[in-house]
Amino acid sequence: MKAIILSAGQGSRLGHMVDDRPKCLIDFNGRSLLDHQLDTLEANGVHEAVVVTGFHDELVNEAIAQRSGGPKVRTIYNPFYKVADNTGSLFMAREELAGDCLVWNGDTLVSRELMRRVVANDRSGICVTIDRKGSYDEDDMKVVEEGGRLKAIGKRLPLGKVNAESIGLLAFRSGGAEQFREAIERAMRTPEGTTIWYLRVIHHLAQSAEVWILDIEGEEWGEVDFPADVEAARDLTARWDEAEKAAAA
């Protein structure tokens with residue numbers, strides 16, 4: 001299995017923290033967000049990663065070159081990161097959408113146990129990792145699922161129908177990646193192609209084909225969008241790091 005990590009954006013909602021470096025290089029207890037992601041992949045047997053870069057790509061390439069272990073990593077530069085949303089990043093990396101692979105947002109941290117469940121799940125086709133909570137806000141990537149199938153996904157779904165949220169981690173098997181690649185190519189040829197999230201493409205696919213969900217409710221993860229998220233993620237990663245040290249002792 002291979003992972004495609006979407007790390008092209010600056011993360012401007014984080015303010016001055018990303019004036020001179022991309023979001024994926026913010027430090028979390030001695031390791032960058034990207035380091036945590038790559039180490040989580042390696043710990044779960046995913047030994048190949050493709051990182052889509054954009055803002056200050058030279059810093060990301062330098063950080064990857066300095067790593068001494070973990071997955072084999074290569075990068076793909078998205079020159080359109082300022083004008084195209086993450087569908088544009090996947091369009092640049094579309095040739096990598098083949099075989100068994102993961103697509104992972106570059107601002108999402110997940111525990112090793114959560115990733116273990118994603119990698120171990122053998123659902124064929126397209127599978128969106130979801131979580132649940134008591135209520136959802138306007139910034140959540142909201143999901144409507146029924147019987148293990150994704151029915152709708154988007155930030156503007158009617159709250160009365162929403163029963164889950166996407167955590168920004170998808171798995172593709174048995175032709176799912178190729179199906180998604182074709183849909184990305186079609187989407188980028190439409191007038192709104194550069195303005196949509198790739199999960200909008202998944203939403204459209206779900207209207208005529210099976211898109212599955214993996215429910216990881218109870219597992220730990222965090223998204224880094226706002227300054228408050230950084231502190232929460234530092235607490236989360238510190239706890240994970242301590243647990244890993246204790247397990248290795």
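Scroll up to find the structure this text is about.
Described in the following lines is the structure provided in the data block. (Residues numbered from 1 in each chain as written. Predicted model: local features only at pLDDT ≥ 70, side-chain atom pairs only at ≥ 80, totals over all residues. Heavy atoms only, no water.)

Looking at the overall build of the protein chain
- Helix and strand counts for the protein chain come out as seven helices and 13 strands.
- By the compact-globule yardstick of 18 Å for 249 residues, the protein chain fits well, its C-alpha radius of gyration being 17 Å.
- Overall size of the protein chain, expressed as C-alpha extent along the three principal axes, is 45 × 40 × 35 Å.
- By the burial criterion, 53% of the 249 residues in the protein chain qualify as buried.
- A separation of at least 24 residues holds for 74% of the contacts in the protein chain among residues at least 6 apart in sequence.
- When the accessible area of the protein chain is evaluated, it comes to approximately 11300 Å², of which 48% is carbon and sulfur surface.
- Side chains of the protein chain give 30 positive and 42 negative charges; the mean places of these two sets differ by 4 Å. (Helix = DSSP H or I, 4+ residues; strand = E, 2+ residues; numbered from the N terminus. Rg over C-alpha atoms; globule rule 2.2 N^0.38 Å. Buried < 20%, exposed > 50% of the residue type's maximum accessible area, 1.4 Å probe, protein only. Contact = heavy atoms within 4.5 Å. Areas by Shrake-Rupley, 256 points an atom, 1.4 Å probe, with all protein chains shown as cover. Lys, Arg positive; Asp, Glu negative; His and termini not counted. Charge placed at Lys NZ, Arg CZ, Asp CG, Glu CD.)

Description of unusual backbone geometry
- Positioned with a positive phi, N29 is a non-glycine residue whose angle comes to about 60°.
- For N29, the position within the fold is in the loop between β2 (27-28) and β3 (31-32).

A word on the nonpolar core
- Core analysis: the largest hydrophobic core is formed by 35 residues, its most contacted members being I4, L90, F180, Y198 and I202.
- With six residues, helix α6 (residues 198-206) is the largest single contributor of residues to this core.
- Grouped together as the second largest cluster of nonpolar side chains are 26 residues, I64, L114, A171 and W221 included. (Core = buried A, V, L, I, M, F, W, Y, C linked by side-chain atoms within 4.5 Å.)

Observations concerning the environment of I196
- Among the structural elements, I196 can be located in the loop between α5 (176-187) and α6.
- Along the backbone, I196 and A177 are 19 residues apart, and their C-alpha atoms lie at a distance of 19 Å.
- Contacts of I196, omitting those with residues within four sequence positions, involve D85, N86, T87, A187 and V201.

With respect to the pattern of salt bridges
- Inspection of every chain in the model, using the stated rule, returns 23 salt bridges.
- Here R74 makes a salt bridge to E48, at a shortest N to O gap of 2.8 Å. With R74 in strand β5 (residues 72-77) and E48 in strand β4 (residues 48-53), this pair connects stretches of sequence that are 26 residues apart.
- Judged by relative accessible area, R74 falls into the partly exposed class, the value being 34%.
- We classify E48 as partly exposed; its relative accessible area is 29%. (Salt bridge = Lys/Arg side-chain N within 4 Å of Asp/Glu carboxyl O.)

Focus: the packing of α5 against α6
- In contact at an axis separation of 10 Å, α5 and α6 are set at 110° when each is read in the N-to-C sense. As the angle between them shows, α5 and α6 are arranged roughly perpendicular. Crossing of α5 against α6: the hand is right-handed. Within the contact between the two elements, α5 uses Q179, F180, A183, I184, R186 and A187 and α6 uses Y198, V201, I202 and L205. (Axes fitted to C-alpha atoms, helices over the stretch in contact; angles between N-to-C directions. Parallel < 35°, antiparallel > 145°, perpendicular 65-115°, else oblique. Left-handed = near helix turned anticlockwise from the far one by under 90°.)

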